[in-house]
Amino acid sequence: MALIASFLLAFIPALIYAGIVFWLDRYEKEPKRLIFGSFIWGAVIAAGGAYILNTLFGIGIYLLTDDEFITETLTGSISAPLIEEILKGFAVLIVFLFFRYELDSILDGIVYAAITALGFAATENVLYMHQYGYLEEGWEGLWSVFFLRVILNGWSHAAYTAFTGIGFAIARLSKGILLKLFAPLAGLAIAIGVHFFHNTALVFVESLGGMLLVYLTDWFGWLVIIAIIAWAIWRERKWIELHLKEEVASGLISKEQYRIALSPFQRTLEKINRLGSGDYRKTHHFYQLITTLAFKKQHVRQTGDQPAKTSALIAQIREEVEQISESL
């Protein structure tokens, strides 16, 4: 029963948090199959791999030192940040290598990284709530771990790994080869660094006040990520405003469609208005398409990334937009 409770108390909040992250991607939603795959990668591959590798690392350190404190300290401060951030980062790497045309902006990098990390945190929290909560202190211990790890500290893994996602997104949007190579490494290094700081600080904290101070530091880091997200959303709107204005001039879309495209709220209203006519899905797809069109035009302008392939994709999108627009 306690194991089932731990599972539900870990995964239900994680799915809610993942829903919030998905909602934040206001203009062009990422494919649900990739979002689901990222969450599963974090929950199964990254969490399972990290558990095995961290355990092996801990066994090795204990055999060398015969000291539990040194073993726990080095595992928490060195092994966990390094192994966990690398394994979580592989999910973003897969998107970057094989689904790069879905990685359109800084926000997309954050979305994939954060949702992977939330899957990882869910599995890790099941272990912590059951093993270190219930088995050591019963139901009171389980609820204490739930409050500390899911409520007070529920966004930490997402915030760490977000930096890796930002690094890959910068590489995707950059023309220079050096930035393409080093931005992901820099993002990963920052993710490992902030994870290291959190874990190491908690090792040497003995009071509740000290623990809350560490969490306050974490919350400041979350605010930094929120600020980056707000900037990324604003930047995406500017891309849409710039590049779709040209499509209004060409006659591909109307001024009204352009106005709606600039506002997530207006998009939602338009889709709701189309429910009665059965055009909800078509309307949703239409605004996804013209947003993608704006983003691809921005990529050509910013990076010159595979211009022939991108130009063909832009032409294909314009043709589909024209077909749908006539039936709306």
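Only a predicted model underlies this, so the values are computations on that prediction, with no experimental measurement involved.

Rules of the game
Residues numbered from 1 in each chain as written. Predicted model: local features only at pLDDT ≥ 70, side-chain atom pairs only at ≥ 80, totals over all residues. Heavy atoms only, no water. Core = buried A, V, L, I, M, F, W, Y, C linked by side-chain atoms within 4.5 Å. Buried < 20%, exposed > 50% of the residue type's maximum accessible area, 1.4 Å probe, protein only. Helix = DSSP H or I, 4+ residues; strand = E, 2+ residues; numbered from the N terminus. Phe/Tyr/Trp six-rings, centres within 6.5 Å; stacked < 30°, edge-to-face > 60°. Lys NZ or Arg CZ within 6 Å of the ring centre and 35° of its normal. Patch = residues over 30% accessible without salt bridge, like charges linked within 9 Å, V, L, I, M, F, W, Y side chains within 5 Å. Areas by Shrake-Rupley, 256 points an atom, 1.4 Å probe, with all protein chains shown as cover. Salt bridge = Lys/Arg side-chain N within 4 Å of Asp/Glu carboxyl O. 1 Å grid on protein atoms, 1.4 Å probe; cavity = no way out; pocket = protein on both sides within 12 Å on 5 of 7 lines; lining within 4 Å. Points joined across faces, edges and corners; volume = space filled by probe spheres on them. Polar contact = N/O pair within 3.5 Å; in protein donor to acceptor, adjacent residues only side chain to side chain. Contact = heavy atoms within 4.5 Å. Expected span 1.5 Å × (residues − 1). Nonpolar A, V, L, I, M, F, W, Y, C, P; charged D, E, K, R; others polar.

**Points about the nonpolar core**
Then step 1. Within the largest apolar cluster, 70 residues are counted, with the highest numbers of intra-cluster contacts made by Met129, Ile240, Leu244, Ile253, Ile290 and Val321.
Then step 2. Of the residues forming this core, the biggest block, 17 residues, is contributed by helix α4 (residues 106-152).
Then step 3. In terms of nonpolar packing, the next biggest core, distinct from the first, is built from six residues, Ala47, Ala50, Ile83 and Leu87 among them.

**Considering the packing of aromatic side chains**
Then step 1. Taken as a whole and assessed by the stated rule, the structure comprises 10 aromatic pairs.
Then step 2. Considering the side-chain rings of Trp143 and Phe146, the 5.6 Å spacing of their centres and the 90° angle between planes classify their relative orientation as edge-to-face. With Trp143 and Phe146 both in helix α4 and three residues apart, the pair spans about one turn of that helix.
Then step 3. Exposure remark for Trp143: the relative accessible area of 45% places this residue in the partly exposed category.
Then step 4. Sitting over the face of the ring of Tyr101, Arg172 holds its NZ or CZ atom 5.2 Å from the ring centroid.

**Here's the deal with a nonpolar patch on the surface**
Then step 1. Taken together, the side chains of Phe69, Ile70, Leu74, Ile78, Phe196, Phe197 and Phe204 present a nonpolar region at the surface, about 650 Å² in accessible area.
Then step 2. Secondary structure elements with two or more residues in the nonpolar patch: α3 (68-98) and α6 (177-203).
Then step 3. Looking at which element gives the most residues to the nonpolar patch, the answer is α3, with four residues.
Then step 4. Relative to the helices and strands, Phe197 is located in helix α6.
Then step 5. Residue Phe197 is classed as partly exposed on the basis of its relative accessible area, which comes to 45%.

**Side note on empty space enclosed by the protein**
Then step 1. Going through the model one piece at a time under the given rule, you end up with one cavity of 30 Å³ or more.
Then step 2. Put simply, the largest cavity is a space of about 60 Å³.
Then step 3. Contributing to the lining of the largest cavity are Ala10, Ala14, Tyr17, Leu118, Ala121, Ala122, Asn125, Val150 and Gly154.
Then step 4. Counting residues per element, the lining of the largest cavity draws most heavily on α4, which supplies five residues.

**Thoughts on the side chain of Ser105**
Then step 1. Mapped onto the elements, Ser105 comes out in the loop between α3 and α4.
Then step 2. In terms of polar contacts, Ser105 uses its side chain to reach the side chain of Glu236, at 2.5 Å.
Then step 3. Other than its neighbours up to four places away in sequence, Ser105 contacts Ala169, Leu173, Glu236 and Trp239.

**Describing helix α5 (residues 156-172)**
Then step 1. Helix length check: α5 (17 residues) gives 25 Å between terminal C-alpha atoms against 24 Å at 1.5 Å per residue, within 8%.
Then step 2. Burial of α5 is extensive: 16 of the 17 residues sit out of reach of the surface.

**Quick word on the layout of surface pockets**
Then step 1. The calculated volume of the largest pocket comes to roughly 1700 Å³.
Then step 2. What lines the largest pocket is a set of 48 residues, among which Gly76, Glu124, Tyr128, Tyr132 and Arg149 lie closest to the centre.
Then step 3. If one sorts the elements of the lining of the largest pocket by residue count, α4 sits on top with 17 residues.
Then step 4. Looking at the lining of the largest pocket residue by residue, the classes come out as 20 nonpolar, 21 polar and seven charged.
Then step 5. Lining the second largest pocket are 21 residues; nearest its centre among them are Lys29, Pro31, Glu102, Gln288 and Thr292.
Then step 6. Broken down by secondary-structure element, the contributors of at least two residues to the lining of the second largest pocket are α2 (32-65), α10 (280-303) and α11 (307-327).

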